[in-house]
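# Analysis of the macromolecular model
Residue strings, one per chain:
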Amino acid sequence: MKYNVNEQGYYGDFGGAYIPEMLYPNVEELRQQYNAIITDEAFIAEFDQLMKDYVGRPSPLYLAKRLSEKYGANIFLKREDLNHTGSHKINNAIGQILLAQRLGKKRIIAETGAGQHGVATATVCALKGIECVVYMGEIDMERQAPNVARMKMLGAKVVAATSGSKTLKDATNEAMRDWINNPIDTHYIIGSVVGPYPYPEMVARFQSIISLETKKQLLEHTGKELPEYVLACVGGGSNAMGMFYHFLDDEEVKLIAVEAAGKGVNSGRSAATSVLGREGILHGSRTILMQTDDGQVVEPYSISAGLDYPGIGPQHAHLHKVQRAQYVNITDDESLEAGLLVSQLEGIIPAIESAHAFAYLEKMKFEKTDNVVICLSGRGDKDLSTYIKHFGF
Amino acid sequence: MNRLNSLFNQKKNNLLSVYFTAGYPTINSTIDIAEALEKAGADFLEIGFPYSDPVADGPTIQHSSQQALDNGMNLNLLFEQLAELRQRVSIPVLLMGYANPMVQYGVERFCAKAAEVGVDGVIVPDLPMYEYETLYKDSFANHNISNIFLVTPQTAEARIRKIDELSNSFIYLLSSASITGGNLALSDVTETYFKRIKDMELNNPIVIGFGIGNKAAFDKATSYANGAIVGSAFVKFLAEDNYMERIPEFVKGIRG
């Protein structure tokens, strides 16, 4: 596993744990214990059972016939949209709530952008009867009001992040401040493959079930475990890392990570971190982030709240730097068109995040025999108002 | 041996340090405030270089950082302003901020520039010990810049010993595991913790910070440590009218 983390928590030049001393004991406790906990038989049994009976896994790998005809290749959709709560976020939330229980934590905090991770966290906290506080940017609370209501209905307290730009990065800052102030009884469920080590590794492992299942399912469908291409969208990068994880060492599989270009990479309103970012430190890890010359974090933009993040996870930064995966980008308009296309060719309304991955198919050239897997990371119900506004339905 | 070492050699008790954010409340207030604090009797100073995402700070210092950035403060400008630091201020001065701006500036270049303008030490809460030791220690040492580590109530004894080894001026003891801007709780737990640290007989002097905003807290902290740091309370004070003339009054209020 040459693309995985080393003992110091680094992926090549990226990763580490750039945290204030106040968080050191929390992060150190996790670092020392998480591996033993998540590889324990009883843990695995409970995780597997919940994945099957509660989340509804394995999620299907669906051969999308009409999309395949259109693009001249065999296009498979990994249906994370069919999971309970509607996205891949639940995989990590289940893993971390089981971990938090075993660490004896009494209170859960989380950050959320679009609200998908917040809903997943509120869900698992309800499942386990644990107190839940979700930080969400004040602006995101306005534009994702239905998810705020869902979290409240599930019993979570939603706290508005009113500092800075009042979006995902500020929600993350507020969650970290909460964790600093409540170091002993609280576990922070980070929703993506970001943050100080061991979070990027831990979240990737919980999400790696996506590629583990895909390999088996692809073998059933095609007689081969390995596809020619794997595509996924990237904000912080958790669905992409889960989708790539078990293919990383299969160098012949081309991995394509699709970032949000927003209004266009050079428009000043973009979230294409791999193009616009430079190496630096964000939310506890050394990675690639969008920043000013002076090292201030730049506020990104994407129509998709889930991709609206100024950094990428450290493992993505590494895969980008060593060119194991190709990082490309798609604009708001291209993603919305792709969302409409997938809806009308396959009868599946994708989340705008996932639609970014579909949009990149337009820019690729295939052989007829190519097998292509796309991670359909979430369903589009939450994005209906955005789609309606754009297309004027 | 820098100004910090000389200070701690000469004075063992009741040291007062004051924190403020460079470029706040106005872009050119940095040196004026530093000078006024020295005249008012502060023993050393911490000048914050602002960052957009200060996770270890409470609302007061977050606000001052954002205001400073809006005012146009950045590291290049700060070092320009600090060029006249040593014509006007003689007490030790530390720079305090987050890792990313320093890493973007270049840590070696940062330390060289800091030494050139007469800065004595740096406090970077999110620069971990491992990265300091493996990547940056030589830059700090080459320019005789002290790196200050934080210790919290949750820091394990072995780690405190390691911090004591790596420190060469003082250790910054947090009164509680919290973000800045709280109030020092004079609880038994806090006193047990202060006493535990005192009894460790560390090589480096101890200065207590976080939640020191009045005389009672200052007196309590300095009864266990060599000194105490006032941060948020002073930053809050800087938003008041005629703050510059009233700095002696503020310092007297803390010191008595």
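A quick note: this is a predicted structure, and the numbers were derived from the prediction, not measured.

## Brief notes about the pattern of salt bridges
One pass over the full model with this rule turns up 43 salt bridges over all chains. Measuring nitrogen to oxygen at the nearest pair gives 3.2 Å for the salt bridge that ties Lys2 of chain A to Glu251 of chain A. Residue Lys2 of chain A is found in the segment before β1 (10-11), and its partner Glu251 of chain A is found in the loop between α11 (238-244) and β10 (254-262); the two are separated by 249 residues along the sequence. Of the residues examined, Glu251 of chain A reaches a relative accessible area of 39% and is grouped as partly exposed. Taking the shortest distance from any N to any O, the salt bridge between Arg161 of chain B and Glu157 of chain B comes out at 3.5 Å. On the criterion of helical spacing, the pair formed by Arg161 of chain B and Glu157 of chain B is a turn pair, its members being four residues apart in helix α9 (residues 157-166).

## Observations regarding the side chain of Ser377 of chain A
Residues and elements named next belong to chain A. Take Ser377: it is sitting in the loop between β14 (371-376) and α16 (384-391). Looking at Ser377, its side chain comes within polar contact range of the side chain of Ser354, at 2.7 Å. In contact with Ser377, other than residues within four places in its own chain, are Glu80, Asp81, Gly86, Ser87, His88, Cys233, Asn239 and Ser354.

## A word on the sheet that holds β14 of chain A
Residue and element names in this part refer to chain A. Read from one edge of the open sheet, six strands run β3-β4-β14-β9-β10-β13, paired in mixed fashion. At either end of the open sheet lies a strand with only one pairing partner, and these are β3 (61-63) and β13 (325-331). When strand polarity is set aside, the average angle formed by the axes of neighbouring strands in this sheet is 25°. Summarising the sheet, strand β9 (residues 229-233) and β10 pair through five bridges and their orientation is parallel. Along β10, the bridge assignment pairs Ala232 with Ala257. Together, β3, β4 (74-79) and β14 form the strand contacts of helix α10 (residues 209-222), whose direction differs from that of β4 by roughly 140°. Across the sheet, helix α15 (residues 352-359) is in contact with β4, β9, β10, β13 and β14; its angle to β9 comes to roughly 145°.

## Details of the pairing of strand β6 (residues 131-137) of chain A
Consecutive side chains along a regular strand alternate between the two faces of the sheet. Residue and element names in this part refer to chain A. Counting buried positions along β6 yields six of seven residues, so the element is predominantly enclosed. The pairing of strand β5 (residues 107-112) with β6 spans six bridges and is classified as parallel. Note that in β6 the partner of Thr112 across the bridge is Met136.

## Some points on the side chain of Ser270 of chain A
All names here are of chain A. Mapped onto the elements of the fold, Ser270 is located in the loop between β10 and α12 (273-276). Here Ser270 falls in the buried class, since its relative accessible area comes to 2%. Within the structure, the side chain of Ser270 is placed 3.0 Å from the backbone oxygen of Ala261, a separation counted as a polar contact. Separated by 3.2 Å, the side chain of Ser270 and the backbone nitrogen of Ala272 make a polar contact. Look past the residues within four positions of Ser270 in its chain and what remains in contact with it is Ala260, Ala261, Gly262, Gly264, Val265, Leu276, Met290, Pro300 and Tyr301.

## Examining the interface of chain A and chain B
Facing 34 residues of chain A, the contacting portion of chain B comprises 37 residues. Roughly 2,800 Å² is buried in total at the junction of chain A and chain B, and carbon and sulfur atoms are behind 53% of that figure. The interface formed by chain A and chain B contains two salt bridges. Of the charged contacts in the structure, one is a salt bridge between Glu21 of chain A and Arg159 of chain B, with a shortest N-O distance of 2.8 Å.

## What about the UniProt feature "modified residue: N6-(pyridoxal phosphate)lysine" (unreviewed entry) in chain A?
Residues and elements named next belong to chain A. Here the UniProt feature "modified residue: N6-(pyridoxal phosphate)lysine" (unreviewed entry) sits at Lys89. By secondary structure assignment, the location of Lys89 is in helix α4 (residues 89-102). Ignoring anything within four residues of it in the chain, the contact list for Lys89 reads Gln116, His117, Ala120, Gly191, Ser192, Gln207 and Ser238.

## Things to note about the UniProt feature "active site" (unreviewed entry) in chain B
Within this structure's numbering, the places UniProt gives as "active site" (unreviewed entry) are Glu46 and Asp57 of chain B. The residue Glu46 of chain B is located in strand β2 (residues 44-48) in this model. In this structure Glu46 of chain B comes out as buried when scored by relative accessible area, which is 0%. Beyond its immediate chain neighbours, meaning those up to four positions away, Glu46 of chain B contacts Ser17, Val18, Tyr19, Phe20, Leu94, Met96, Ile123, Tyr172 and Ile229 of chain B. Its location among the elements puts Asp57 of chain B in the loop between β2 and α3 (59-71). Filtering out sequence-adjacent residues up to four positions away, Asp57 of chain B remains in contact with Arg177 of chain A together with Gln62, Tyr98, Ile179 and Thr180 of chain B.

## Side note on the pairing of strand β3 (residues 93-96) of chain B
Residues and elements named next belong to chain B. Alternating residues of β3 divide into Val93 and Leu95 and Leu94 and Met96, and every residue in both groups is buried. Alignment of β2 against β3, held across four bridges, turns out to be parallel. Across the sheet, the residue bridging to Gly48 is Met96, located in β3. Across three bridges, β3 lies against strand β4 (residues 121-123) in parallel orientation.

## Points about the UniProt feature "domain: Tryptophan synthase beta chain-like PALP" (unreviewed entry) in chain A
According to UniProt, the feature "domain: Tryptophan synthase beta chain-like PALP" (unreviewed entry) maps to residues 56-378 of chain A in the numbering used here. The span residues 56-378 of chain A carries 40% helix and 21% strand; its end-to-end C-alpha distance comes to 14 Å.

## Thoughts on helix α10 (residues 188-199) of chain B
Residues and elements named next belong to chain B. Here α10 is 12 residues long and its end C-alpha atoms lie 16 Å apart, about the 16 Å a rise of 1.5 Å per residue gives. Within α10, burial applies to Thr190, Tyr193, Phe194 and Ile197. Along the long axis of α10, the arc covered by the buried residues comes to 95°, so they all point the same way. Seen from the open side of α10, the exposed residues pointing more than 90 degrees away from its buried face are Asp188 and Thr192. Among the structural elements, β6 (150-151), α9, β7 (171-174), β8 (206-209) and α11 (215-224) are those in contact with the buried residues of α10. Glu201 occupies a position one or two residues after α10 and carries a positive phi of about 50°.

## Topic: the sheet that holds strand β8 (residues 186-188) of chain A
All names here are of chain A. Taking strand neighbours across the sheet as the criterion, the four strands line up as β7-β6-β5-β8 in an open arrangement whose pairing is parallel. Every interior strand has two partners, whereas the edge strands, β7 (157-161) and β8, have only one. Between one strand and the next, the sheet's axes are offset by a mean angle of 25°, whatever the strand orientation. Two strands pair when backbone bridges link them, and β5 and β8 are joined in this way by three bridges, in the parallel orientation.

Rules behind the numbers
- Residues numbered from 1 in each chain as written.
- Chains lettered and ligands numbered in written order.
- Predicted model: local features only at pLDDT ≥ 70, side-chain atom pairs only at ≥ 80, totals over all residues.
- Heavy atoms only, no water.
- Salt bridge = Lys/Arg side-chain N within 4 Å of Asp/Glu carboxyl O.
- Helix = DSSP H or I, 4+ residues; strand = E, 2+ residues; numbered from the N terminus.
- Buried < 20%, exposed > 50% of the residue type's maximum accessible area, 1.4 Å probe, protein only.
- Polar contact = N/O pair within 3.5 Å; in protein donor to acceptor, adjacent residues only side chain to side chain.
- Contact = heavy atoms within 4.5 Å.
- Pairing = 2+ DSSP bridges.
- Axes fitted to C-alpha atoms, helices over the stretch in contact; angles between N-to-C directions.
- Buried area = accessible area lost by both parts, 1.4 Å probe.
- UniProt positions renumbered as here; feature names shortened; annotations may be inferred.
- Expected span 1.5 Å × (residues − 1).
- Arc of directions from axis to C-beta.

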